[in-house]
Amino acid sequence: MPTDAKRLRGPEVSQSPSLFLCKPAAAAAPLPRRADGRQRDQVDVRPVFIRCGLLSQAKGSAYIEAGNTKLISSVNGPRETERKDETDMKCGRLTTDMRFAPFSCPERGSWIQGNQDKDLSLMLHESLQPAVCLHKYPRSQIEVNVMVLEDSGSVLAHAITCASLALADAGIEMYDLVIGCSIRQSGVSYVVDPLHTEETGCSSVSGENQGGVTVAFLPSLNQISGLQSNGELTENTLTAGVRTCTEGCYKLYPVIQQAIARAVRRVAPPPPES
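Definitions and cut-offs
- Residues numbered from 1 in each chain as written.
- Predicted model: local features only at pLDDT ≥ 70, side-chain atom pairs only at ≥ 80, totals over all residues.
- Heavy atoms only, no water.
- Helix = DSSP H or I, 4+ residues; strand = E, 2+ residues; numbered from the N terminus.
- Buried < 20%, exposed > 50% of the residue type's maximum accessible area, 1.4 Å probe, protein only.
- Contact = heavy atoms within 4.5 Å.
- Areas by Shrake-Rupley, 256 points an atom, 1.4 Å probe, with all protein chains shown as cover.
- Core = buried A, V, L, I, M, F, W, Y, C linked by side-chain atoms within 4.5 Å.
- Pairing = 2+ DSSP bridges.
- Axes fitted to C-alpha atoms, helices over the stretch in contact; angles between N-to-C directions.
- 1 Å grid on protein atoms, 1.4 Å probe; cavity = no way out; pocket = protein on both sides within 12 Å on 5 of 7 lines; lining within 4 Å.
- Points joined across faces, edges and corners; volume = space filled by probe spheres on them.
- Nonpolar A, V, L, I, M, F, W, Y, C, P; charged D, E, K, R; others polar.
- Lys, Arg positive; Asp, Glu negative; His and termini not counted.
- Salt bridge = Lys/Arg side-chain N within 4 Å of Asp/Glu carboxyl O.
- Polar contact = N/O pair within 3.5 Å; in protein donor to acceptor, adjacent residues only side chain to side chain.
- Phe/Tyr/Trp six-rings, centres within 6.5 Å; stacked < 30°, edge-to-face > 60°.

Student: Please set out the overall build of the chain residue by residue, giving values where relevant.
Tutor: A count of helices and strands for the chain gives four helices and nine strands. Helices and strands appear in the chain in the N-to-C order β-β-β-β-α-β-α-β-β-α-β-β-α. In the chain, which comprises 274 residues, the proportion classed as buried is 43%. Long-range pairs, those at least 24 residues apart, make up 68% of the contacts in the chain with a sequence separation of at least 6. Accessible surface computed for the chain: about 16,300 Å², of which carbon and sulfur atoms make up 53%.

Student: If you had to explain the nonpolar core to someone new, which residues and values would you point to?
Tutor: In terms of nonpolar packing, the biggest core is built from 53 residues, with Met-98, Leu-128, Ile-142, Val-144, Val-146 and Leu-167 touching the most fellow members. With nine residues, helix H2 (residues 155-169) is the single largest residue contributor to this core. In contact with Val-146, other than residues within four places in its own chain, are Leu-71, Ile-72, Ser-73, Asp-97, Met-98, Arg-99, Leu-124, Ala-159 and Ala-163.

Student: Can you tell me about the sheet that holds strand S5 (residues 140-150), naming the residues and giving the values?
Tutor: An order of S1-S2-S3-S5-S4 is seen for the five strands of this open sheet, with the pairing classed as mixed. Each having just a single partner strand, strand S1 (48-52) and strand S4 (93-100) make up the two edges of the open sheet. With direction set aside, neighbouring strand axes in the sheet form an average angle of 15°. Judged from the seven bridges that link them, strand S2 (residues 60-66) and strand S3 (residues 69-80) form a sheet pairing that is antiparallel. Each residue of the ladder has a partner; that of Glu-65, found in S3, is Lys-70.

Student: Describe empty space enclosed by the protein, listing the residues and the values that go with them.
Tutor: Under the defined criterion, the tally for this structure stands at three cavities of 30 Å³ or more. Considering each element in turn, the lining of the largest cavity owes the most residues, three residues, to strand S6 (residues 179-186). Its residues placed into classes, the lining of the largest cavity shows four nonpolar, four polar and one charged.

Student: Can you explain the layout of surface pockets? Please cite residues and give values.
Tutor: Here the largest pocket defines a volume of roughly 650 Å³. Every residue lining the largest pocket is counted, 34 residues in all, and those nearest its centre are Phe-100, Gln-116, Leu-120, Val-155 and Glu-199. Mapped onto the lining of the largest pocket, the elements with two or more residues apiece are helix H1 (115-128), H2, S6, helix H3 (196-200), strand S8 (210-218) and strand S9 (223-232). Broken down by element, the residue count for the lining of the largest pocket peaks at six residues, all from H1.

Student: I'd like a rundown of the side chain of Asp-151, residues and numbers included.
Tutor: Here Asp-151 is to be found in the loop between S5 and H2. One buried charge, Asp-151, has no salt-bridge partner; the nearest side chain with opposite charge is Arg-46, at 7.4 Å. Within the local environment of Asp-151, its side chain forms a polar contact with the backbone nitrogen of Gly-153, the two atoms lying 3.1 Å apart. Those residues in contact with Asp-151, other than ones at most four positions away along the chain, are Thr-69, Phe-100, Ser-104, Cys-105 and His-196.

Student: Please set out the packing of aromatic side chains residue by residue, giving values where relevant.
Tutor: Taken as a whole and judged by the stated rule, the model has two aromatic pairs. Arranged with centres 6.3 Å apart and planes meeting at 65°, the rings of Phe-49 and Tyr-63 form a pair that is edge-to-face. Within this pair, whereas Phe-49 is found in strand S1, its partner Tyr-63 is found in strand S2, the two being separated by 14 residues in sequence. Residue Phe-49 is classed as partly exposed on the basis of its relative accessible area of 44%. Classification of Tyr-63 as buried rests on a relative accessible area of 14%. An angle of 75° between the planes, with centres 5.2 Å apart, marks the rings of Phe-217 and Tyr-250 as edge-to-face. A residue pair is termed long-range when its members are at least 10 positions apart, and Phe-217 in strand S8 and Tyr-250 in helix H4 (residues 235-267) qualify at 33 residues. Given the relative accessible area of 2%, Phe-217 is considered buried. Residue class for Tyr-250 comes out partly exposed when judged on its relative accessible area of 39%.

Written as structure tokens, this is what we have:
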């Protein structure tokens, strides 16, 4: 029987397409314990030390220490806007500047503000602005400066908290304090308040859900003022990460309230003697 030489003949034996599907990944080995002894997959934040009113030259200041992460923030103003073309007759202006000290990172940096500093300054501004009553300070400017003294992870989250404390110490009217918290997602596992090695280290788990989330939260109003995420995260993972960050903010809230109360009692005049 003649055959058509120009037609491709099918295989003699066919196989089910299900054989060519991707096989499920083998069970991943358990992730190692965290370097500082905290638990994975739990809202386990580092103990924090907070002090307000350290800088006498600034209107308000705050210092925060979480593990080896150390930051200091200062607030100046409200003062007259330097540039007249930026003056708003109905609302004030908030400026933020966040920098890393040259000795804050494992590799020594410079005093010149880089791209990372500018990005973090913008995120800090977006997180703080919704909480400040800028309509109470027309034609004025409020300056917030944050200096990272040592970077041991979760710098942006602690910078948000530190700057909010400095604003409160300066007597700036706010709708609520702003508290920051961050997580690092690695597959199905996550860590709260990650260390620098956990943020920059390469994960042994491949695939989706590799990234981080940072949330700026107003605990009394139960509102989110800022959200920053990086990496590849599914919608459900991102939603769960935001919920976990808000729980971490609620854990830090009593500590921050006590720090502000101590600062107020320290500067308050003594009660009159009867």
